[in-house]
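# Report on the structure
The lines below spell out each chain.
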Amino acid sequence: MNYFSSDFKLGILGGGQLGKMLLYETRKFDVYTKILEPSDDAPSKVACNEFVKGDLLDFDTVYNFGKTVDVLTIEIERVNLDALEKLESEGVKVYPPSKALRTIQNKATQKLFYRDNKIPTAPFSRFAYTSEIKESISNSGLSLPFVWKCAEFGYDGQGVKIIRKIEDLEGLPNVECIAEDMIPFKNELAVIVVRSASGEVVTYPVVEMEFHPEANQVEYVICPARISDDVAKKARAVALEVSNKIQQVGILAVEMFQTQDDEIIVNEVAPRPHNSGHYSIEASYTNQFEQHIRAILDLPLGNTASKVAGIMVNLVGAEGYEGNVVYKNMETILKLDGVTPHIYGKKQTRPFRKMGHVTIVNKNIEEARKIAEQVKNTIKVISK
């Protein structure tokens, strides 16, 4: 099939910043794109060929949209899977496949999948409702502390809370959830695996993630991870095993813990371009967004190696500010060597909302980390 400067249509469910960055690549290749997104102010709206406003969880909306494109992909997991299954049965190519999304979309189902397939992961208990947890604790079925995670629709630190005492359960939504053992770990790592429609597979280097202690969001992504070759080899092997069992097509970001004994256990996965791969836009030979397009169109996959060390700093809304966004001290960070900001196009800021990211590249990873700290302490995402 001729994808370039042709009548071919690529459909994308979701129009957020990940969709916008995917569109950098489709515009480079002159691939016609059509976006379905519920918000009129979506970052992707300015860059696609067609924009359709609609509910991603509504069966008819997703199904009718899917009938108008040749290949359908996602930039967010919150989509109607029944509609995707029907589209697949009628011959529409949907990547990642709906079967993979069914495994991943619900965190309880995802954890059961790891256990059933002997993929190392933290021990957990599954609950139909959060209210059941207190009884489990009182009956000694569950011990404090643990990590509470809602089963569906959590994102960017939302839907996750460390429970150290029973009172910490107050105010949590009464939904299906899991209670996961807290793992004493050395590092949080991630590996992006890419699988094409015909089965070609590549992995990106292991990255190290540093999290904000309160927001539970990634603050820094460091590539390459500052770990031994043996640990990196283990991490890539585990990520490949997860990818092989799930059989996704496109990007699969596998988030992992490196334990105190240097074992690797899987935390969770995302079947789409991911925050842990944003560094690749500046630092890699083939960035994750181009790689996702290559994979779902079954084109040869690109080189995943890094040209230079890269660190990604998330730009999130500052605490105490809400409203029309202002990026304070942007000119100051632009004076620093190897610094590239990416602004997502969200006009309204609020505390901890992802508004953009900054990539820092340098031949020396420790120097890059110092500059990243300087960037983090300098730029402020505030409001007018």
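Anything mentioned here points back to the structure above.
Quick summary incoming for the structure in this document. (Residues numbered from 1 in each chain as written. Predicted model: local features only at pLDDT ≥ 70, side-chain atom pairs only at ≥ 80, totals over all residues. Heavy atoms only, no water.)

With that settled, consider the overall build of the chain. A count of helical and extended segments in the chain gives 11 helices and 21 strands. A globule of 384 residues ought to have a C-alpha radius of gyration of about 21 Å, and the chain, at 21 Å, matches this closely. If one aligns the C-alpha atoms of the chain with their principal axes, the spans along those axes are about 65 × 55 × 45 Å. Residues classed as buried in the chain amount to 55% of the 384 residues present. Contacts in the chain between residues at least 24 apart in sequence constitute 63% of all its contacts with a sequence separation of at least 6. Of the roughly 16600 Å² of accessible surface on the chain, a fraction of 47% belongs to carbon and sulfur atoms. Counting 46 positive and 52 negative side-chain charges, the chain places the averaged centre of each group 3 Å from the other. (Helix = DSSP H or I, 4+ residues; strand = E, 2+ residues; numbered from the N terminus. Rg over C-alpha atoms; globule rule 2.2 N^0.38 Å. Buried < 20%, exposed > 50% of the residue type's maximum accessible area, 1.4 Å probe, protein only. Contact = heavy atoms within 4.5 Å. Areas by Shrake-Rupley, 256 points an atom, 1.4 Å probe, with all protein chains shown as cover. Lys, Arg positive; Asp, Glu negative; His and termini not counted. Charge placed at Lys NZ, Arg CZ, Asp CG, Glu CD.)

This paragraph deals with the nonpolar core. Of all hydrophobic cores here, the largest spans 24 residues; its most connected members are V206, V242, I246, V254, M256, V266 and V269. For this core, the secondary-structure elements that each account for two or more residues are α4 (98-105), α5 (107-116), β10 (185-195), α7 (229-246), β14 (250-259) and β15 (264-270). Ranked by the residues each element gives to this core, the list is headed by α7, at 7 residues. Ignoring sequence-local partners within four residues, the contact set of V269 consists of I104, Q110, Y114, V242, I246, L252, A253 and V254. (Core = buried A, V, L, I, M, F, W, Y, C linked by side-chain atoms within 4.5 Å.)

Consider a sheet: its strands pair through backbone hydrogen bonds, and that pairing is either parallel or antiparallel. In space, the 3 strands of this open sheet follow the order β19-β17-β21, with antiparallel pairing throughout. Strand pairing shows two members of the sheet lacking a second neighbour, β19 (348-349) and β21 (380-383), which therefore form its edges. Of the pairings in the sheet, the one linking strand β17 (residues 323-328) to β21 comprises 4 bridges and is antiparallel in character. Along β21, the bridge assignment pairs Y327 with V381. (Pairing = 2+ DSSP bridges.)

A separate point is the pairing of β10. Along any regular strand, the residues point their side chains to alternate faces of the sheet. The buried fraction of β10 amounts to 9 of the 11 residues, a majority that puts the element mostly inside the structure. In terms of strand pairing, β10 meets β14 through 10 bridges, oriented antiparallel. If you follow V191 over to β14, its bridge partner there is V254. Pairing of β10 with strand β11 (residues 201-203) involves 3 bridges; the strand directions are antiparallel.

Moving on, we get to the packing of α4 against α5. The geometry of α4 relative to α5 is characterised by a closest axis approach of 5 Å and an angle of 100° between their N-to-C directions. Regarding the angle of α4 to α5, the classification is roughly perpendicular. Contacts between α4 and α5 involve R102, T103, I104 and Q105 on the former and, on the latter, K107, T109, Q110 and F113. Broken down by class, the residue content of the contact of α4 with α5 amounts to 2 nonpolar, 4 polar and 2 charged. (Axes fitted to C-alpha atoms, helices over the stretch in contact; angles between N-to-C directions. Parallel < 35°, antiparallel > 145°, perpendicular 65-115°, else oblique. Nonpolar A, V, L, I, M, F, W, Y, C, P; charged D, E, K, R; others polar.)

Under the definition given, this model contains 28 salt bridges. Ionic pairing is found between E180 and K111, a salt bridge with its closest N-O pair at 2.7 Å. Of this pair, E180 sits in strand β9 (residues 177-181) while K111 sits in helix α5, placing them 69 residues apart in sequence. The two residues E180 and K111 agree in class, both being buried. A salt bridge links K149 to E268; its shortest N-O distance comes to 3.7 Å. One end of the pair, K149, is in strand β7 (residues 146-150); the other, E268, is in strand β15, and 119 residues separate them in sequence. Judged on exposure class, the residue K149 and its partner E268 are both buried. Via salt bridges that share partners, E208, E210, R226, E366, R369 and E373 belong to a single interconnected network. (Salt bridge = Lys/Arg side-chain N within 4 Å of Asp/Glu carboxyl O.)

As a further point, take the packing of aromatic side chains. Counted by the stated rule, this structure contains 6 aromatic pairs. Ring centres 5.9 Å apart and planes at 70° place the aromatic pair F4 and F29 in the edge-to-face group. Of this pair, F4 sits in the segment before β1 (9-13) while F29 sits in helix α1 (residues 17-29), placing them 25 residues apart in sequence. Judged by relative accessible area, F4 falls into the partly exposed class, the value being 35%. Ring geometry for F185 versus F257: centroids 4.8 Å apart, planes at 20°, classification stacked. Linking F185 in strand β10 with F257 in strand β14, this pair joins segments that are 72 residues apart in sequence. Residue classification places F185 among the partly exposed residues on the basis of a relative accessible area of 33%. Site record: aromatic cluster; members linked through ring pairs are Y3, F4, F8 and F29. Over the ring of F29 we find K28; its NZ or CZ atom is 5.5 Å from the centre of that ring. Sitting above the plane of the Y220 ring, R369 keeps its charged end 4.0 Å from the centroid. (Phe/Tyr/Trp six-rings, centres within 6.5 Å; stacked < 30°, edge-to-face > 60°. Lys NZ or Arg CZ within 6 Å of the ring centre and 35° of its normal.)

Attention shifts here to the sheet that holds β9. If you walk across this open sheet you meet the 4 strands as β6-β9-β7-β8, and the pairing is antiparallel. Every other strand in the sheet has two partners, leaving β6 (124-127) and β8 (160-163) as the edge strands with one partner each. Recorded for the sheet is a direction-independent mean angle of 20° between the axes of neighbouring strands. Along the sheet, α5 makes contact with β6, β7, β8 and β9, crossing β6 at roughly 140°.

Moving on, we come to unusual backbone geometry. Residue P96 is bonded to the preceding Y95 through a cis peptide linkage, with omega at 0°. Mapping P96 onto the fold places it in the loop between β5 (93-94) and α4. Looking along the chain, the bond that leaves C223 and enters P224 is cis, with omega of 5°. The topology assignment puts P224 in the loop between β13 (218-223) and α7. Of note in this structure, D262 is not a glycine but carries a positive phi near 65°. When you line up the elements, D262 lands in the loop between β14 and β15. Unlike most non-glycine residues, N329 shows phi in positive territory, near 75°. Structurally, the position occupied by N329 is in the loop between β17 and α10 (330-334).

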